[in-house]
Every structure is written in structure tokens, then in C-alpha cells.
Amino acid sequence: MKILLIYPGLFEGFGSYYRGVDWFNHGVGVISAILKQGGHSVEYMDCRKFSGWGELKSKIVSIEFDVTLISVATVDFDCSREIARIIKAKNPALKVMVGGPHPTLMTEQTAVVPEFDHIFTHESEITLPQILNRLDNAPRIIRGEMPEDLDLVPFVDRTLAPDGETPWYPGLPRPFFTITASRGCLYQCTFCQPAERALFGNKVRKRSVANILDELELLSSKYNMKSFMIHDDCFTQYHGWADEFCREKAKRGLMQPFVCQSRADIICKHPDLMGRLKDAGLAWVIIGIESGSNRILKYIKKGVTVEQNIEAAKICRELGIKFLANYMFGIPTETKEEMLMTFNMIKQIKPDQHSPAVFTPAPGSELYEYCCNNNLTLIDSSSGYQRTPLSGAKIKGIDYNFVDSLVYRSMNGELLGRLLHMKARLEKFLKNISKKFIKS
Ligand code: SF4
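Basis of the calculations
Residues numbered from 1 in each chain as written. Predicted model: local features only at pLDDT ≥ 70, side-chain atom pairs only at ≥ 80, totals over all residues. Helix = DSSP H or I, 4+ residues; strand = E, 2+ residues; numbered from the N terminus. Rg over C-alpha atoms; globule rule 2.2 N^0.38 Å. Contact = placed C-beta atoms within 7 Å. Near = placed C-beta within 6 Å. Nonpolar A, V, L, I, M, F, W, Y, C, P; charged D, E, K, R; others polar. Expected span 1.5 Å × (residues − 1). Buried ≥ 20, exposed ≤ 12 C-beta atoms within 10 Å, placed from the backbone. Pairing = 2+ DSSP bridges. Axes fitted to C-alpha atoms, helices over the stretch in contact; angles between N-to-C directions. Domains from an automatic or database assignment. Core = buried A, V, L, I, M, F, W, Y, C linked by C-beta atoms within 7 Å.

## A word on the overall build of the protein chain
Step number 1: Each helix and strand counted, the protein chain has 17 helices and 14 strands in total.
Step number 2: Here the C-alpha radius of gyration of the protein chain, 22 Å, is about what a compact globule of 440 residues would show, namely 22 Å.
Step number 3: Projected onto its principal axes, the C-alpha coordinates of the protein chain cover approximately 60 × 60 × 40 Å.
Step number 4: For the protein chain, restricting intrachain contacts to residue pairs at least 6 apart in sequence, the fraction spanning at least 24 positions comes to 75%.

## Focus on the site of the ligand
Step number 1: Lining the immediate environment of the ligand, one finds C185, Y187, C189, C192, Q193, E196, D233, C234 and G288.
Step number 2: Of the residues contributing to the shell around the ligand, the split by class is five nonpolar, two polar and two charged.

## With respect to helix α16 (residues 400-412)
Step number 1: Given a rise of 1.5 Å per residue, 13 residues ought to cover 18 Å, and the 18 Å separating the end C-alpha atoms of α16 matches this to within 8%.
Step number 2: Residues of α16 that are buried include every one of V403, D404, S405, L406, V407, Y408, R409 and S410, and no others.
Step number 3: Two residues or fewer after α16 comes G413, characterised by a positive phi angle close to 90 degrees.

## Re the sheet that holds strand β11 (residues 258-262)
Step number 1: Strand order in the open sheet formed by six strands is β7-β10-β11-β12-β13-β14, with parallel pairing between adjacent strands. Strands at the two margins of the open sheet, each flanked by one partner only, are β7 (176-179) and β14 (353-358). Mean inter-strand twist for the sheet, computed between neighbouring axes without regard to direction, equals 20 degrees.
Step number 2: Both strand β13 (residues 322-329) and β14 contribute to a ladder of six bridges, which runs parallel. Residue pairing for β14: A325 is matched across the bridge by H354.
Step number 3: Packing against the sheet, α16 makes contact with β13 and β14, and its axis sits at approximately 175 degrees to β14.

## Re unusual backbone geometry
Step number 1: A cis amide bond, omega -5 degrees, links R174 with the succeeding residue P175.
Step number 2: Backbone geometry at N224 places phi at a positive 60 degrees, although glycine is not the residue there.
Step number 3: Turning to its location among the elements, N224 is positioned in the loop between α8 (209-223) and β10 (227-230).
Step number 4: For L390, which is not glycine, the phi dihedral falls at a positive 60 degrees.
Step number 5: Tracing the backbone through its elements, the reader meets L390 in the loop between α15 (366-373) and α16.
Step number 6: The class of L390 is partly exposed, set by 16 C-beta atoms lying within 10 Å.

## Observations concerning the sheet that holds strand β3 (residues 67-71)
Step number 1: In spatial order, the strands read β2-β1-β3-β4-β5-β6; together these six strands make up an open sheet with parallel pairing. Each edge of the open sheet carries a strand with a single partner, namely β2 (41-46) and β6 (141-144). Averaged over all pairs of adjacent strands, the angle between their axes in this sheet comes to 20 degrees, without regard to strand direction.
Step number 2: Direction of pairing for strand β1 (residues 2-7) relative to β3: parallel, over a ladder of four bridges. Note that in β3 the partner of I6 across the bridge is I70.
Step number 3: Relative to the sheet, helix α1 (residues 26-37) contacts β1, β2 and β3, its axis offset from that of β1 by approximately 170 degrees.
Step number 4: Most of the contacts of helix α3 (residues 77-90) go to β3, to which it runs at about 170 degrees, and overall it touches β1, β3 and β4 (95-99).

## Notes on the environment of P103
Step number 1: Looking at where P103 falls in the secondary structure, it is placed in helix α4 (residues 101-105).
Step number 2: A C-alpha to C-alpha distance of 36 Å links P103 and L340, two positions 237 residues apart in sequence.
Step number 3: When residues no more than four places from it in sequence are discounted, the contact partners of P103 are V72, V98, T110, I119, F120 and T121.

## Considerations on the pairing of β7
Step number 1: By the alternation rule, side chains of β7 split into F176 and T178 and F177 and I179, which are all buried.
Step number 2: In this structure, β7 lies alongside β10, joined through four bridges in parallel fashion. By the bridge assignment for β10, F177 is matched with F228.

## Brief notes about the domain arrangement of the protein chain
Step number 1: Along its sequence, the protein chain is organised into domain 1 (2-149) and domain 2 (162-432).
Step number 2: At the level of secondary structure, the elements contributing two or more residues to the side of domain 1 that touches domain 2 comprise α3 and α4.
Step number 3: No other element matches the four residues that α4 contributes to the side of domain 1 that touches domain 2.
Step number 4: Looking at the side of domain 1 that touches domain 2 residue by residue, the class counts come to nine nonpolar, five polar and four charged.

## Describing the nonpolar core
Step number 1: Membership of the largest hydrophobic core comes to 66 residues, with the highest contact counts inside it found for F228, F258, V259, V285, I287, F323 and F329.
Step number 2: With seven residues, the single largest contributor to this core is strand β12 (residues 282-290).
Step number 3: The contacts of I287, once residues within four sequence positions are left out, are S262, R263, A264, A312, F323, A325 and N326.
Step number 4: Among the nonpolar cores identified, the runner-up in size contains 39 residues, and L5, F11, V72 and M97 belong to it.

## Description of the pairing of β12
Step number 1: Across the nine residues of β12, nine count as buried, placing the element largely inside the fold.
Step number 2: Two strands pair when backbone bridges link them, and β11 and β12 are joined in this way by five bridges, in the parallel orientation. Note that in β12 the partner of V259 across the bridge is W284.
Step number 3: Relative to β13, β12 runs parallel, the two being bridged by six bridges. Residue pairing in the sheet places W284 in a bridge with K322 of β13.

Right, dumping it as C-alpha cells:
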């Protein structure tokens, strides 16, 4: 079968791939690998590489295919619908199947779109090849069976992005690649769960260390990998496994520096593990510190305290591990004083890289339900689910000018942050004016 595999990724705009927005979608990578393993021919379209809708449309018109698979994240829902319309305009008989986090978490809303012939939920590795063999008789909504043993899943298809990705972490050499070593997360953060469990189940599934290292060896020998990131939600949640990874990585002579995600409570309780990870090449750790208010941390069930956030930053600094801090402003019930506590905590701990976000109710999460049940939601398009400043109001009761200003100031310092915020507001204003002018 000839399959057109599409990653929209358009919330960052057309051409963004060439501006460094080139992260690799592992869901698409594994689908490509299993399709090729099953003897299908795969044409891959990363829409971030196109200059605009005209080029995207010409590409769809020019290639031959039987079935399209589109990977849909919430932020890409509207453009995925537009892509499906273009395919149906080419030939209404061409099948369009959507899968990914949004169809899994918001199945009913996804099924409203008539251009989506099939809605594939959950994981694809086992069920997708079976369905493609009997697509004419397949139901509209298909639930994928979860692979229990991740070692049996093929490595993601790196030919889709053989040059790797742009590292977000200063100092890490290219080619830089990302891998996933496990699926699922044990924790309960309400801005994330139970969506994570709905996607991957209640149990965390881990690849064996040997299987992970086999993939890293392949990336080294075939793609000249110089650094990498382990994408898992929390690589350090199983200490024995992380320890084994450290030991075996060195034994195989894999010396490349790497990045992983952890949590402040784990770092505080296991600084020894962090030391071993550092010896194994851990150059950067990503920590979701989220808030400088203990009330908010408790409210979002983060399971860490402000004191642990500060201590974890200190431990990383002493060990020589750089850290990227994820934090957010504008959580339901959060006051301006509490947001300022986050701002002040960031000033105190001085992360090596800032990753602030505007709180956005993620579909499938407990806080999404809370916002819906309390009629708080203000988002009216899929692009509104972006977590960046000036991406629009998310919920009622939050001063977004204040939130956006804190995002800029926490990243850039007081004066430069204020200037950059003003510049961004002006640019947005001019963009809106020119859009209105073009329309009229
Ligand atoms: S935010 Fe991170 S630690 Fe918390 S539940 Fe989600 S994946 Fe797990």
C-alpha cells in the first residue's frame, strides 16, 4: 500500500523547520518503521518544511498514495482538518486516518470531522498494520492495542530526519538526536494527568537498557550522533534502571553527553544517582519546578515543594549538571502574588535555561476538566492551546498582560524583559492590523 504519513506541526508556522523548530515526532517515527517493516511504501511530509498552504497543496496533488495517516496534537487540530480537506478535494476516495494524542484524548470531538475516515486511538504498533490489511471493513474508531514489551517495537525510522534535531541546550554538539526509553509516568500532576495514563496506561513500560543502548550505538555508527536527549517524562523514576544505563553506557564506550528529565524531589532524595548520571555524561537535566508557591504546587499535585526546587537546583549546580527549568504562570486560582513568588524563585535559583509557559488546560487533564466544569475556558481554536506568551487568553480570571510580562522578565531580566514584551506586543498588533487590511 502507498501511504502518505503527515506530521502537521504547523502551530509554529510554515517554514519553522528551517528556523530550528525541527524536533522529531517519535510517534510518526515508529509508525514509519512499522509500515516499512510491513512492506508498505511510505511518503513522509513534515509540513513545517513548506513555505505555505500553496506548496503543501501542490505536494499532495503531485504524489500518489492510497491512504493518509495524520498525527494530530491538540495544537494542530485545525490545520489537520484543513489538510484532510485538501486530500478529499484531490480525490474523495482517498482514505484519511488520524491518530496521536488528540484523537486519543478527544475522540468524540475528532470524530465530528467528516473528512477523517478513521480515528485511531492509543498506540499503533500492533493494530495499525492489521487494520491496513482490511481497511475497507475497518470501523471508524479504532483502538490500538498497547505493546507490552517495548523491546519488540522497531527503532524509530531515522531516515525521516537523518540530521537529527536542533538542541535546545547550549553546548551540546550536533548531530543531536532524541530517544524514548519508556512510556508512562507514575506521578499525578493535575495539569497533565490523567491524560498521560489515558495515553499509555497505568503502568510504566520500560525498554531494556541493552535495547536502548543498541539504538544509541546505531545512532552513533550510522548517523554520527554527538549528543542526545532521553525524552521520557521522568527518566530517573526507576533508579536501578537509570543506574544500569549509566554503567552499561560507559561499558559500550558511548561517551556522548546527554539530557534527561527528572524531578526536584528525586534529585533531593538521590543526589548520588545524579552524580552517577553526571559521570555517565548527563550534561543537562530538565526539571518541572512549575511554581514558587507551595499552595500552587499542592493544588497541582506536583509532589514537590519550593524548598525542594531550590535544593535540587543547588545539587545540580554543585555536580556541574546544567538545568532547564519548566515553570508556568496563570494556573486556575493562582493569584498575582503567587505568580510573583514563582518569578522570585526563578531569580533566586537562576536556571541555565528557562522554559516558562502560560498555563493552558491540556485536554484529558484534571485541570482541563476543572476549567470546563467551571466554565473558565476561553480558548476558541486549536492554536489557542499553545503555551507561549501572546498566544491568547486561556481561562477567565487571569490577567494575561501580567502573565506575559512575567514570562519575558523571568527569562530576560527586568529591563530587557519589559522591552522584549513591549516589542512582541507591538509586532502582534501590527500583524493583526495587516491581516485585517489584507482581508478587506
Ligand atoms: S507533569 Fe511530568 S511528572 Fe507530572 S504527571 Fe506529567 S509526565 Fe508525570
